[in-house]
Amino acid sequence: MKIDGEVTTGLGKAAYFLSQEFYTKEFEKNLGFIPYPGTLNVVVSDEYLDEISEIKNNCKNIIKPDEGFGAVKYIKAILENEIEGAIVFPAKTTHEENYLEFIAVMKLRDELNIKDGDFVTLEF
């Protein structure tokens, strides 16, 4: 699946969670990298919600951390046809369903020189 979406500012909570050792160890083991402590938030069109919901609900990749932290499902993805990473689906989130959170090894806004309002392509 290949979709376009608009980059937007998140809530700033991902940095804390992606700094937790049990998450970083599992991402490194399963994806081959330790993610930069933050996500690139991409708002996609509502037309994709059914497909995204199906992918999320059928996703078998899950990190179940220590008590007090929520589980995270994830799928491998590619940003802008070049950056390998993953889309994460935190169990505990306040984002709408059309928000996708992409993780990678680097700070993507700096690496790709992108800002809020820019459109990017995700493939997964």
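Rules used throughout
Residues numbered from 1 in each chain as written. Predicted model: local features only at pLDDT ≥ 70, side-chain atom pairs only at ≥ 80, totals over all residues. Heavy atoms only, no water. Helix = DSSP H or I, 4+ residues; strand = E, 2+ residues; numbered from the N terminus. Rg over C-alpha atoms; globule rule 2.2 N^0.38 Å. Buried < 20%, exposed > 50% of the residue type's maximum accessible area, 1.4 Å probe, protein only. Contact = heavy atoms within 4.5 Å. Phe/Tyr/Trp six-rings, centres within 6.5 Å; stacked < 30°, edge-to-face > 60°.

**Student:** Whenever I open this one, the overall build of the chain confuses me. Can you help?
**Tutor:** On a plain count of helices and strands, the chain comes out with 4 helices and 7 strands. Across the chain, helices and strands are ordered from the amino to the carboxyl terminus as β-α-α-β-α-β-β-β-β-α-β. A compact globule built from 124 residues would reach a C-alpha radius of gyration of about 14 Å, and the chain, at 13 Å, matches this within 12%. Overall, the chain is about 35 × 30 × 25 Å in size when its C-alpha atoms are taken along their principal axes. For the chain, with 124 residues in total, the buried portion stands at 41%. Within the chain, residue pairs in contact and separated by at least 24 positions form 64% of the contacts whose partners lie at least 6 positions apart.

**Student:** Where do I start with the packing of aromatic side chains in this structure?
**Tutor:** Enumeration over the complete set of coordinates arrives at 7 aromatic pairs. Ring plane angle 55 degrees and centroid distance 4.8 Å describe the contact between Phe22 and Tyr23, whose orientation is recorded as tilted. Among the residues examined, Phe22 registers a relative accessible area of 19% and is labelled buried. Overall, the relative accessible area of 4% leaves Tyr23 in the buried class. Judged by centre distance (5.6 Å) and plane angle (70 degrees), the ring pair of Phe27 and Tyr74 falls under edge-to-face. With Phe27 in helix 2 (residues 21-31) and Tyr74 in strand 4 (residues 72-79), the pair connects residues that are 47 residues apart, well separated along the chain. Each member of the pair Phe27 and Tyr74 is classed as buried.

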